[in-house]
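Structural description and commentary
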Amino acid sequence: MKPAVFSQRMPSFGRVNQVPRTAETHPLTWRLRDDGQTVWLDEYRQKGGYRVAETQLAHKTPEDICRCVKEAGLKGRGGAGFLAGIKWSLTARGEGIPAAYLVCNADEMEPNTFKDRMLLEQLPHLLIEGMILAGYANQAVRGFIFLRGEYVHAARVVERAIGEAREAGLLGAHIAGTDYSFDLQLHVGAGRYICGEETALLNALEGRRANPRAKPPFPGQAGAWGRPTVVNNVETLCNVPVVLEHGPEWYQALARPESGESGTKLMGFAGAVRRPGIWEVPFGISARELFEDYAGGMRPGYRLKAWQPGGASTGFLLPEDLDLPMSSAGMARKGLRLGTALALAVDDRVSMVALLHNIESFFSRESCGWCTPCREGLAWAVKLLSALKDGRGRAEDIQQLEKLVGHLQPGMSFCGLAPGASEPLRSALALFRDEFEATLARSPPLPA
Amino acid sequence: MASIHIDGKTYEVDGAGNLLEACLSLGLDIPYFCWHPALGSVGSCRQCAVKLHKDESDKRGMLVMACMTDAKAALRHGPEHKAWISIEDEDATAFRKQVAEWLMANHPHDCPVCSEGGQCQLQDMIMMTGHGQRAYRFGKRYYTSQNLGPFVAHEMNRCIGCYRCVRYYQDYAGGTDLGVFGSRDRLFFGRETDGVLESEFAGNLTEICPTGVFTDKAYEGQFTRKWDLRYGPGICQGCAVGCAISAGERYGTLRRVENRYNSTINGYFLCDRGRFGTGYVNRKDRPRKIYAAHGSEWHSLQERNGSEAVLADLSTKLAEKIAAERVIAIGSPRASLENNHALERLVGEEHFSSGVPEEELKRLRFMARMLQVAPLPSPTIEEVEQSDAVIIFGEDLTQTAARMALAVRQAARQREVALAQERGVAAWQARAVSGIGQGAKNPVMIASPAATRLDDVALHTAHVSPSNLVALAQRLAQVLVAVGSSKSDAAEAVLSDLEEDEPWVACAVRVLLKAERPVLISGEAMMSLPLLEAVAACAAALHQQGKQQGRLALLPREANGMGVAMMGRMSLDAAWKRVQRGEVDALLVLENDLTRAFSPVQLKQGLAQLEVCIVADHQFTSFAQQADLVLPTASFAEEDGSYVNYEGRVQRSYAVFDPTAMAGEDEIRPFYKWAADIRARQADMPQGCDTACDEEALYNELVVDHPIFAAGRGLSKQCYAPVAGERLARQSPRASGRTAERANLSVWDKGYHQKSGSGLSATMEGYSGTEGGAVHPFAWQPGWNSPQAWIAYQTTPGGPLKGGELGVRLFAKRPKNVLLCGCDEDELLKDSLSEGGVAGSVDHAAFADKDEGEGLEVVPLYHLFGSEELSARSPLFAQRCESPYVLLNEQEAHERFGDDLAEGASLCLSCGTQSLILPCRFSETLGRGQVGLPVGLGGVPRFWGRQRVSLERVAAPLCEEGRP
């Protein structure tokens, strides 16, 4: 095998490297190099890396760490926003229960979302340090990084970083001279959106079909290979050293007051904006700040028609909603999820019907085929959208789409894929119904 | 008991299981697909949605899948828990309708040409949801289906993606060649490429699949709708397990065999021999009239006036021979108790033989004796499934008692359930159980001469020759006793010493001592009484260890082997000796192909001494072809009869149809009727006068002569309609055209033949509800046309039938005072069950492969497809039957016959004056000094088993029969 070449690779996410960053305001990204190249072990250590892990493992109990993370209010950064500390405290422990596994969900496949990729490619050791701490807090015996198959460069980087850490005694038996032993294994997925669903991820990790599992039992009770398993997103795990270094109060103060959030968040804006990219920003800033100050507003000649706050599975908002804070509570005001907080601007040149056809084709294609609503319902929705888009639509098609959306809600399908997929469709039908109806004018009349 | 509140009504429930099970057992209809009583819940189809309300104030409620919701969540206990559920809720109803519409989006509208039609769960459930108007207006997806062999048809376009097939095939039955491919709305359930499904239980796919993806090819070849079938509640004739079947007929041909649910034996599943091996009933070349060979004075009669005259003359002449004691009658282990008994009465017990060879009869009597006196009782199939350790001696269970092999797989899988339950996950949570269990298995240990089909679930297999198998079992009993009587430290020391030299024994001892409900299984396969004795000794040792919940299963070969052994009487060899000695003029053989028991020379010697050889059979067996007179008898599908299975359970199999109804000239009758006629003529009485004609009276007559069967009296009470004056209908209430059924033969509505005593009606007229006894001819309830209707007959889904267990265990109470007729008291047991449980000590040298005597030891091998004689006569089934071969240790084969010996080369086996020429196959597991021979397969006679033979290489087979 040819040795991996790491030098002189153009960074893929230049914007985040181009803003002024400090350890105080940008705890996740201040260690990034301006040139976008990977921060390897030496540089990471020079920048204070692994100090938190070493001190915490030596002086704190797992319970201390769990408590601290819980108090800090660190929420999962994968999209669902569940409190990491609560998740950890629910992990089964006790006599007769096998030791836990820690799994990093790096199967970042939400359309328009690439924040984990940036961390994986440029700051792999922050993730490793976070995983050591999370592993210790949950007394996990082994950690797995389930990486999206298409993240080929990230796979090379993480593999090398794990090697570096292992060589430095930061992974393996008796980490940094403590009693705690923990090792990491990189698993590269075969490329399915559903693998980002934590239980489908566990099935895929075990070598089974990537179908989600029913909950309960939750992964914390019985996850990978039947063991209690903690599954956390890359960004969540990268926040763990930050929380433990500075403490809960400091961490909470990073977010905008009254946002109901803690810490910073990697957010972004894509679409026909002037400066698409991702940035580390205080949790709870308004979407307008992100859109105008960071992304620079729309490119000349384009008008903002709608936007999605955090990935293809979040609902659409209108330009007047830009003053909403980018937080769970803020989005909840409109009945939406924040998702991954990597927003998408839809400009006036885009047909909503065509966009929805594109989005739903993706979700239908990525359905695992386990449950009926997702497997059959999304496929039907795609056919309807395709007909509307191509001028083959019928008046009843729009009602049919609404009916389908109504039956793809949480609890109806087996996992969250179908409800997520139906969310943009539901909001688009509500906000841009005229565009759907306009396609009918082009439709040929029905045969008598 | 707790209460549950559903749509305004309160019901008492036990709170076990999930909400779907709770509702279904209350008789409330909720449609479902992915759930199955035998497979548990996975929540994939989303069809069983109901509304769950937390309390009275919760008006909105939450849509939940009933199959994935613990029934406890909906229970009402105390003032805090006032949950209630609604099936009729508007949202729930709309969602269920929507799911139905989704499932139908791609389902083809080919119901008119689909053999599932009329018994299709999809049809039932779609009706239940109320979905009728389809809004889907796009094209349907299309698949190319596969050829899965002669038994199971595949039409993937009908698939609704419920996943039940793969969950059954892979998880339940351990198959590896059927899987799910693809994802999203392009799922494919099938094999990687076309080919015969490997599992011996593949036929169950036809009932597991809720629609017509997997259908019964045997049935398709002679298809008729379920509502046109006349069903008979039968007992499978394929082996000694005695599974309950529903066999369906129309226009005088047996159309299909379905599983007949019962919780103790076959549950929801049959093996493929049972399901597809009954084609012999429909063979055109069956004896249908009295058939007489020319050339003897016994048959000149035929030229006079047909069968009446033949019978009259036969009766007179037979009476003379009986009076002169110059007659022998040979019964059959594949004939019912009643038929054997009728034969015995006809000629007198002194002249009746059970039709089982001497050595086999000894073993059968030992098994029968064990049912009464063995320290551990025989397990039901259900008990095998629930056991926590299984040790199998000598049987390739999948080939000899397949349904039990499937049960052993479940026993192994129970470990996962136990592990999940430790973690608070219920058994019905199928995927969570396998996620936690991670394939953990209860220990299954196998000692056999070569690889078996259960090796994949076995913890430890030992491949030893039949004689060493005996030593191994004896050794196990000995160590069990030794270890049991010593302190734990000492016991541990003994076991660790054994670990190296006798790892299998050491492992088995550990397994047995740890188990709470161990099952020991052995049987007729190795044709070895010492093996049975040694296994019984192991059972005795287990009993001594306080393992009272342990079980001992000893398996006869044939459906009624246990029954004829219990009747006692002389062996086949003893009878034939009398024939050969010329002590007999007339020989009467009932349903027994003697060419499988004797060599052609022996047969010829015997037949030459006879004046007449009369065969009563429903098949023209090789032996029947040599007879002077053949009486056409009824197959299981045409007569009532009782059979005793391996656990001493008498079960009654009921006729499906009257073979004379559609073909008036046929003379097929149950043998007991022929016997009654002959007796009536002898006594100069009107026909049938002295003989009872209903099945209960026949059985009572049997009990008079054989009190051992007394417990089976009153079996007919299991088959009754709970409505005065009614009988159990044998056709669904949808059946039509009874009066037109014979219209092509006669415009007179003669009515279907109706026996006087039976609790069964012959038509759709009668009771078809779920109450009554354990016997139900078929499963059908209003709105439930598919086999899923069985749920209505069960106390809880997948639980016992409302009518109780099928059949009666003769020795359920294990009385000490009933003796087997003709069984030499305890002589057979003296050694194996004496104080201490084990006779003498075992020479360790027994474990070394000993070279005792000349030549090679024949190891009998078995095939589910082909080793059993009747099923092998079924044309479709025969497609799966292999041709006979000889199996050799690969290395030894090359050493003996050179490296150029390839598989398929011809070898000649010789033993005395007998020889067989067969193609060879190689085995990696069969030991040296042995040759594997599939007895029964392709007519290879059973006397070859356990011989010592010499082996030569020959150029090519001299003739196809394998006989030079």
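The structure presented is a predicted model; accordingly, all values stated were derived computationally and were not measured. (Residues numbered from 1 in each chain as written. Chains lettered and ligands numbered in written order. Predicted model: local features only at pLDDT ≥ 70, side-chain atom pairs only at ≥ 80, totals over all residues.)

Observations concerning the overall build of chain A
In terms of regular secondary structure, chain A is built from 18 helices and eight strands. Here the C-alpha radius of gyration of chain A, 22 Å, is about what a compact globule of 448 residues would show, namely 22 Å. With respect to the principal axes defined by its C-alpha atoms, chain A has extents near 80 × 50 × 50 Å. The proportion of buried residues among the 448 residues of chain A is 57%. (Helix = DSSP H or I, 4+ residues; strand = E, 2+ residues; numbered from the N terminus. Rg over C-alpha atoms; globule rule 2.2 N^0.38 Å. Buried ≥ 20, exposed ≤ 12 C-beta atoms within 10 Å, placed from the backbone.)

Description of the interface of chain A and chain B
Contacts between the two partners involve 29 residues from chain A and, on the opposite side, 32 residues from chain B. Those elements that place two or more of their residues in the side of chain A that touches chain B are helix 14 (352-366) and helix 15 (372-389) of chain A. At eight residues, the largest contribution of residues to the side of chain A that touches chain B is made by helix 15 of chain A. Classifying every residue of the side of chain A that touches chain B gives 12 nonpolar, 12 polar and five charged. (Contact = placed C-beta atoms within 7 Å. Nonpolar A, V, L, I, M, F, W, Y, C, P; charged D, E, K, R; others polar.)

Some remarks on the sheet that holds strand 34 (residues 948-953) of chain B
Residues and elements named next belong to chain B. Read around the closed barrel, six strands run 29-33-30-32-31-34, paired in mixed fashion. Taking each pair of neighbouring strands and ignoring which way they run, the sheet shows an average axis angle of 45 degrees. Of the strand pairs in this sheet, strand 30 (residues 886-889) and strand 32 (residues 914-923) are connected by four bridges, and their pairing is parallel. Counterpart to Leu887 in the pairing with strand 32 is Arg921. Along the sheet face, helix 29 (residues 890-897) touches strand 30, strand 32 and strand 34 and points at about 90 degrees away from the line of strand 30. (Pairing = 2+ DSSP bridges. Axes fitted to C-alpha atoms, helices over the stretch in contact; angles between N-to-C directions.)

Comments concerning helix 7 (residues 124-137) of chain A
An α-helical turn contains 3.6 residues, so any two residues separated by three or four positions project in the same direction. Residue and element names in this part refer to chain A. For helix 7, built from 14 residues, the straight-helix expectation of 20 Å at 1.5 Å per residue is met to within 8% by its first-to-last C-alpha distance of 20 Å. Within helix 7, 14 of the 14 residues are buried, which leaves it mostly tucked inside the rest of the structure. Phi turns positive one or two residues past the end of helix 7, at Gln139, with a value near 50 degrees. (Expected span 1.5 Å × (residues − 1).)

A word on helix 4 (residues 62-72) of chain A
Residues and elements named next belong to chain A. Turning to helix 4, its buried residues number three or more, namely Ile65, Cys66, Cys68, Val69 and Ala72. Relative to the axis of helix 4, the buried residues are bounded by an arc of 165 degrees and lie together on one face. Residues of helix 4 that are buried sit in contact with helix 3 (51-59), helix 5 (84-89), helix 7, helix 10 (234-246) and helix 11 (248-254). Once helix 4 finishes, Gly73 follows within two positions and takes phi at roughly 70 degrees, a positive value. (Arc of directions from axis to C-beta.)

Quick notes on the domain arrangement of chain A
All names here are of chain A. Its domain assignment divides chain A into domain 1 (27-253), domain 2 (255-347) and domain 3 (352-442). Contacts between the two partners involve nine residues from domain 1, matched on the other side by eight residues from domain 3. The residue makeup of the side of domain 1 that touches domain 3, split by class, is six nonpolar, one polar and two charged. (Domains from an automatic or database assignment.)

A short note on the domain arrangement of chain B
All names here are of chain B. Under the domain assignment, chain B is made up of domain 1 (2-98), domain 2 (284-354 + 569-633 + 669-691), domain 3 (361-557) and domain 4 (851-953). Each of domain 3 and domain 4 has a C-alpha centre, and the two are 28 Å apart. Elements with a contribution of two residues or more to the side of domain 3 that touches domain 4: helix 13 (397-400) and helix 16 (466-485). Split by residue class, the side of domain 3 that touches domain 4 holds nine nonpolar, six polar and one charged.

Here we look at the packing of helix 7 of chain A against helix 8 (residues 152-167) of chain A
Residues and elements named next belong to chain A. Direction vectors running N to C along helix 7 and helix 8 enclose 55 degrees, while the axes themselves pass 9 Å from each other. One finds that helix 7 runs oblique with respect to helix 8. In this structure, helix 7 meets helix 8 at a crossing whose hand is right-handed. Together, Pro124, His125 and Ile128 of helix 7 and Val157, Val158, Ala161, Ile162 and Ala165 of helix 8 make up the contact between the two elements. (Parallel < 35°, antiparallel > 145°, perpendicular 65-115°, else oblique. Left-handed = near helix turned anticlockwise from the far one by under 90°.)

Quick look at the environment of Leu147(A)
Residues and elements named next belong to chain A. In this structure, Leu147 sits in strand 2 (residues 140-147). Leu147 sits in the buried class, given 26 other C-beta atoms within 10 Å. Along the sequence, Leu147 and Glu197 sit 50 residues apart, while their C-alpha atoms lie 13 Å from each other.

Concerning the environment of Arg345(B)
Residues and elements named next belong to chain B. Here Arg345 shows up in helix 10 (residues 337-347). The class of Arg345 is buried, set by 21 C-beta atoms lying within 10 Å. In this structure, the C-alpha to C-alpha distance between Arg345 and Val281, residues 64 residues apart in sequence, is 27 Å.

Notes on the packing of helix 3 of chain A against helix 7 of chain A
Each pair of packed helices gets described by two things: the angle between the helix axes and the distance between those axes. All names here are of chain A. Packing of helix 3 against helix 7 brings their axes to within 9 Å, and their N-to-C directions diverge by 15 degrees. Here helix 3 lies roughly parallel to helix 7, going by the angle between them. Handedness of the helix 3/helix 7 crossing: left-handed. Packed against helix 3, whose contacting residues are Val52, Ala53, Gln56 and Leu57, the element helix 7 presents Glu129, Ile132, Leu133 and Tyr136 at the interface. Taken together, the residues that form the contact of helix 3 with helix 7 break down as six nonpolar, one polar and one charged.

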